[in-house]
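# Commentary on secondary and tertiary structure
The chain contents come next:
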Amino acid sequence: MADQIPTTGTSPGRFRLDDLLIAELRALLGDRLSTSAAVREHHSRGETYLPPYPPDAVVFPESTDEVREIVRACSRHRTPMVPFGAGTSLEGHVAALQGGISIDLSRMSRILRVSPEDMDVTVEAGVTHRQLNKHLRGTGLFFSVDPGADATIGGMAATRASGTTAVRYGTMRESVLGLTVVLADGRLIRTGGRARKSASGYDLTRLFVGSEGTLGVITEATVRLHGLPEAVSAATCSFATVEGAVNTVITTIQLGIPVARIELLDDVQMDAVNRYSNLGCPVAPTLFLEFHGASERSVAEQVEMVKEIAAGNGVGDFRWATDPEERARLWKARHDSYFATLALRPGAVAITTDVCVPIARLAECIAETKKDNAASSLTIALIGHVGDGNFHLIYLVDPNTPAEMEEAERLNERMVMRALAMGGTCTGEHGVGYGKMKFLEAEHGEALNVMRQIKQALDPHNLMNPGKMVRV
Amino acid sequence: MDRAALIRRLQAIVGEPYVLHRPDDLTVYEQDALMVARHKPDLVVLPDTTQQVSDVVKAAREAGLPIVARGAGTGLAGGAIPERGGVVLAMTRMTRLLDLDLASRIAVVEPGMVNAELTAMLAAHGLFYAPDPGSQVASTIGGNVANNSGGPHCLAYGVTGNNVVGLEVVLADGTVTWLGGRAMDAPGYDLTGIMVGSEGTFGIVTKVVVRLLARREAVRTLLAIYDRMDVACEAVSAVIGAGIVPEALEILDGITMRAVNQTLHAGFPEDAEAALLIEVEGLSESVPVLIERIEVICRAQGARRIQTAATAEERLNLWKGRKQAYGALGKLGRRTMMLDVCVPRSRLPEIMRRVLEAGRRWNVGVANFFHAGDGNLHPTPFFDFDDTSPEYARVIGLTEDIMRACVELGGTITGEHGIGLEKREYLGWMFNDADIAAMKQVKQVFDPADALNPDKVFPTGRSVHGAPRGKALAVPRA
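Residues numbered from 1 in each chain as written. Chains lettered and ligands numbered in written order. Predicted model: local features only at pLDDT ≥ 70, side-chain atom pairs only at ≥ 80, totals over all residues. Heavy atoms only, no water.

### Some details on the sheet that holds strand 16 (residues 335-336) of chain B
Residue and element names in this part refer to chain B.
- Read from one edge of the open sheet, seven strands run 15-12-14-13-18-20-16, paired in antiparallel fashion. For this open sheet the edge positions go to strand 15 (305-309) and strand 16, each flanked by a neighbour on one side alone.
- Pairing analysis gives six bridges linking strand 13 (residues 248-253) to strand 14 (residues 274-282), with the strands arranged antiparallel. When the sheet's bridge partners are listed, D253 is paired in strand 14 with A274.
- Helix-sheet contacts for helix 9 (residues 229-241) involve strand 12 (218-226), strand 13, strand 14 and strand 18 (365-370), and the interaxial angle to strand 13 is about 175°.
- Together, strand 12, strand 14 and strand 15 form the strand contacts of helix 11 (residues 286-300), whose direction differs from that of strand 12 by roughly 10°. (Pairing = 2+ DSSP bridges. Helix = DSSP H or I, 4+ residues; strand = E, 2+ residues; numbered from the N terminus. Contact = heavy atoms within 4.5 Å. Axes fitted to C-alpha atoms, helices over the stretch in contact; angles between N-to-C directions.)

Put into structure tokens, the structure is as follows:
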């Protein structure tokens with residue numbers, strides 16, 4: 001398996017590990033270096049259907065200085081490095097395509113500074129978003145980006161992660177104020193700072209957010225926080241048709257109603273969620289909504305407006321929940337939807353897609369995609385952060401039946417091309433990894449050359465997470 | 001290629017009237033709103049299409065001339081000054097609205113479109129473009145992109161970088177490419193993100209895809225008068241600390257209020273040290289609730305008087321004082337020079353104390369009106385001598401003290417005006433050699449021959465104001 005070349009055909013083959021490097025790293029880290037099969041296997045893939053590529057060794061640094069030492073050593077020995085957070089990525093970002101060293105940042109989990117009055121926080125890369133929010137309890141503040149999995153802040157910055165609240169609070173792009181990064185040759189740089197805005201020098205923060213570990217190792221991040229709203233309520237509403245649900249979303253967004261979350265689950269997805277989380281909702285296209293406001297009154301006003309819009313779009317069942325426990329139950333069910341879908345077909349793996357289109361084309365894109373999928377024998381669930389025009393399909397396939405894998409690939413490819421033709425993008429939030437490099441080429445023309453040159457400038461020996469993002 | 005041949009080639013590309021080469025015609029392009037430096041370009045070209053921009057770039061490169069893109073020339077950091085001469089690409093003819101996608105709330109505009117004109121065109125559709133720099137009635141979207149411009153309403157809606165989703169760019173070799181697109185968050189490296197704020201040193205922007213926002217149902221504006229500046233600064237943190245992020249949160253100091261009173265008869269109290277101007281937008285039910293809460297907080301934080309605007313006209317009146325503040329300061333001295341620095345918000349009381357101290361130390365009057373919610377200050381020294389006078393050294397001393405204090409407090413030497421040539425020698429106060437080296441590597445990728453707006457952003461050893469004195473004592477970054 002380790003010698004397998006990825007299907008996208010990018011890997012120039014496996015790198016030969018130098019025993020001297022292992023000795024150097026062991027001298028530096030002691031038992032925080034592992035070459036055991038189990039640990040390497042754990043660092044071989046993330047949550048993805050893509051095949052595993054274990055690294056030759058995994059290191060567990062505890063400080064930025066240690067990361068620098070590790071990177072310098074790997075750089076001297078021309079050894080590939082793959083930064084690893086929580087291993088929750090969906091596009092194979094952490095697979096060690098060419099072997100080398102996996103740099104696991106999970107022990108760098110200190111919260112270095114919380115400034116409630118400035119509403120920002122500096123954390124080490126291995127802090128997870130749930131850990132951070134737990135730490136912030138009692139401050140009246142929260143960190144808003146909430147991908148389903150409990151990813152690390154470093155990993156989320158590296159993949160420019162998003163989540164259900166992006167429609168109101170933005171993605172990692174809006175949330176990261178500054179980063180500490182170890183470059184491929186061991187140089188340490190800081191991008192940005194704590195000022196809310198800066199026009200000083202080039203905005204390298206933007207370059208490293210979303211660079212997927214291909215330009216350097218993010219070791220610390222300063223991120224912005226938001227005030228917890230005074231009043232919150234949640235609602236679910238089911239529709240006769242997906243179009244009805246999508247049109248409700250479009251109108252809600254266009255009217256500028258400041259919904260905090262607006263998520264679409266289709267009938268297949270609702271069936272899965274009902275079974276897995278015992279939700280008892282109708283098996284029909286459903287919107288999950290959350291409203292944040294300065295008072296109960298302002299929240300109630302938002303709910304009323306959405307209710308009216310929904311009524312014009314064939315809404316069936318409209319339930320709302322102000323009780324915190326009921327709300328938590330709803331959103332837990334939403335966040336567990338990936339596992340709920342997997343449970344529909346034991347033994348199957350999930351191939352997750354991630355397109356994003358301008359919101360005006362959303363209804364059309366979903367309708368055409370559903371029509372295309374109707375002929376398929378696969379179980380396909382749809383879920384989306386539709387407020388941003390971003391939606392996912394989950395194809396359940398038997399990994400041992402090549403015909404099913406091919407079918408899913410075919411459907412996905414057609415959907416991506418459909419999204420691109422509508423002015424959309426091949427990945428709204430999961431990133432490129434190596435699963436989507438071919439689509440990146442379809443999407444960007446000359447700009448891809450610029451990306452490649454930036455990669456070559458900052459990582460001339462192609463050691464940082466090689467084989468991902470752009471072909472060198 | 002000799003000059004006459006180059007002029008002919010450029011005239012063939014853009015048409016004869018759009019190549020300026022006579023000294024008188026070039027004078028207009030020798031400076032921008034940084035009043036202390038000027039340099040004539042060799043030629044000015046006014047292109048009309050992306051293809052023309054590309055052809056001009058190729059022609060200038062073949063002639064070995066640098067290229068400096070220019071919008072309305074309202075930049076305050078000298079970013080559009082062609083210090084080495086060369087060809088100025090004036091983008092002011094490229095002002096078209098190419099596409100308005102109401103359903104997706106996206107517009108595609110040419111870079112010469114004036115900021116305020118875009119918003120005016122959108123008004124009928126209930127939409128607006130959020131960044132609203134003080135120069136918005138003149139400055140162009142392309143110039144805003146180059147400098148990552150902000151404005152009062154960026155507190156809630158973000159700066160230019162948060163509101164641009166895609167760019168068409170002519171690269172240094174004349175290649176035309178798109179960065180980003182129409183959907184948020186194009187995959188791959190965020191080249192749109194890094195192009196924004198690159199001050200014309202990476203490429204020439206020829207189309208901009210901007211995000212549009214829906215006008216909120218209701219707007220309410222409040223003015224709170226404070227006897228003391230430090231108390232007003234504390235109130236800023238109290239409002240935001242209560243979980244309220246107003247659409248705008250501005251401070252005017254006593255000097256500014258008195259100057260505005262003289263020109264506009266704005267009716268500000270003559271003896272107050274600070275006024276807080278706060279605006280909230282939202283649904284009609286929630287806005288009154290918010291403004292009430294803000295009022296309660298401001299009172300609890302010691303406001304002397306609070307005034308709320310009930311009508312659109314009253315609202316505009318409250319804003320008039322803020323929007324025309326810089327102009328009004330002209331009353332105070334023959335020269336004014338607006339600075340632009342930014343600190344974490346909680347450091348506002350301290351930085352204001354240090355700004356006033358610096359003014360006393362250098363014996364220069366300083367007025368202050370600023371985006372307090374973002375921690376973005378605009379200390380504005382006013383004085384009666386020229387930049388050629390020996391006395392001008394006091395203004396430089398003041399400027400450096402303020403920048404040094406900001407860096408020490410975890411802030412930045414420019415929040416929204418850019419580095420240009422004004423602040424290039426100070427970049428090292430914020431970033432160390434490794435940071436700057438990484439930036440230079442990125443510049444090399446885009447412009448290996450250093451042909452696009454050369455000598456901007458990075459230290460050159462030649463300051464417009466003479467060499468910087470000393471280093472920041474500490475650099476408590478991140």
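### Concerning the interface of chain A and chain B
- In this complex, chain A contributes 72 residues to the contact, which on the side of chain B involves 83 residues.
- Buried surface at the junction of chain A and chain B, both sides included, amounts to about 6,500 Å², of which 58% is carbon and sulfur.
- Here chain A and chain B share five salt bridges between them.
- If you look at where chain A meets chain B, you find 23 residue pairs in polar contact (both at pLDDT 80 or more).
- Sorting the residues of the side of chain A that touches chain B by element identifies helix 7 (172-175), strand 9 (188-192), helix 8 (204-208), helix 9 (242-254), helix 11 (296-311), helix 16 (437-443) and helix 17 (446-458) of chain A as the ones contributing at least two each.
- A total of nine residues in the side of chain A that touches chain B trace back to one element, the largest contributor, which is helix 17 of chain A.
- When grouped by side-chain class, the residues that make up the side of chain A that touches chain B number 30 nonpolar, 24 polar and 18 charged. (Buried area = accessible area lost by both parts, 1.4 Å probe. Salt bridge = Lys/Arg side-chain N within 4 Å of Asp/Glu carboxyl O. Polar contact = N/O pair within 3.5 Å; in protein donor to acceptor, adjacent residues only side chain to side chain. Nonpolar A, V, L, I, M, F, W, Y, C, P; charged D, E, K, R; others polar.)

### Quick word on the confidence of the model for chain B
All names here are of chain B.
- Averaged over all residues, the pLDDT of chain B is 92; the fraction at 70 or higher stands at 96%.
- Long-range and interchain partners of residues 470-478, a stretch whose pLDDT sits below 50, account for 28 contacts in this model, where long-range means more than four residues apart.
- Across the interface, the model reports ipTM at 0.91; the global pTM reads 0.92. (pLDDT = per-residue confidence, 0-100.)

### Digging into the domain arrangement of chain B
Residues and elements named next belong to chain B.
- Parsing chain B into structural domains produces domain 1 (3-90), domain 2 (97-214), domain 3 (218-324) and domain 4 (329-435).
- Once you take the C-alpha centre of each, domain 1 and domain 2 turn out to be 22 Å apart.
- Contacts between domain 1 and domain 2 engage 13 residues on the former and 15 residues on the latter.
- Taken over both partners, the interface formed by domain 1 and domain 2 buries close to 1,000 Å², and the fraction arising from carbon and sulfur atoms is 65%.
- Its largest share of buried area at the contact with domain 2, domain 1 owes to T50, V57 and T74, together 36% of the area lost on that side.
- Our count for the contact surface shared by domain 1 and domain 2 stands at zero salt bridges.
- Going through the elements one at a time, helix 3 (50-62) and strand 3 (67-70) are the ones with two or more residues in the side of domain 1 that touches domain 2.
- With six residues, the single largest contributor to the side of domain 1 that touches domain 2 is helix 3.
- Considered class by class, the residues forming the side of domain 1 that touches domain 2 number six nonpolar, four polar and three charged. (Domains from an automatic or database assignment.)

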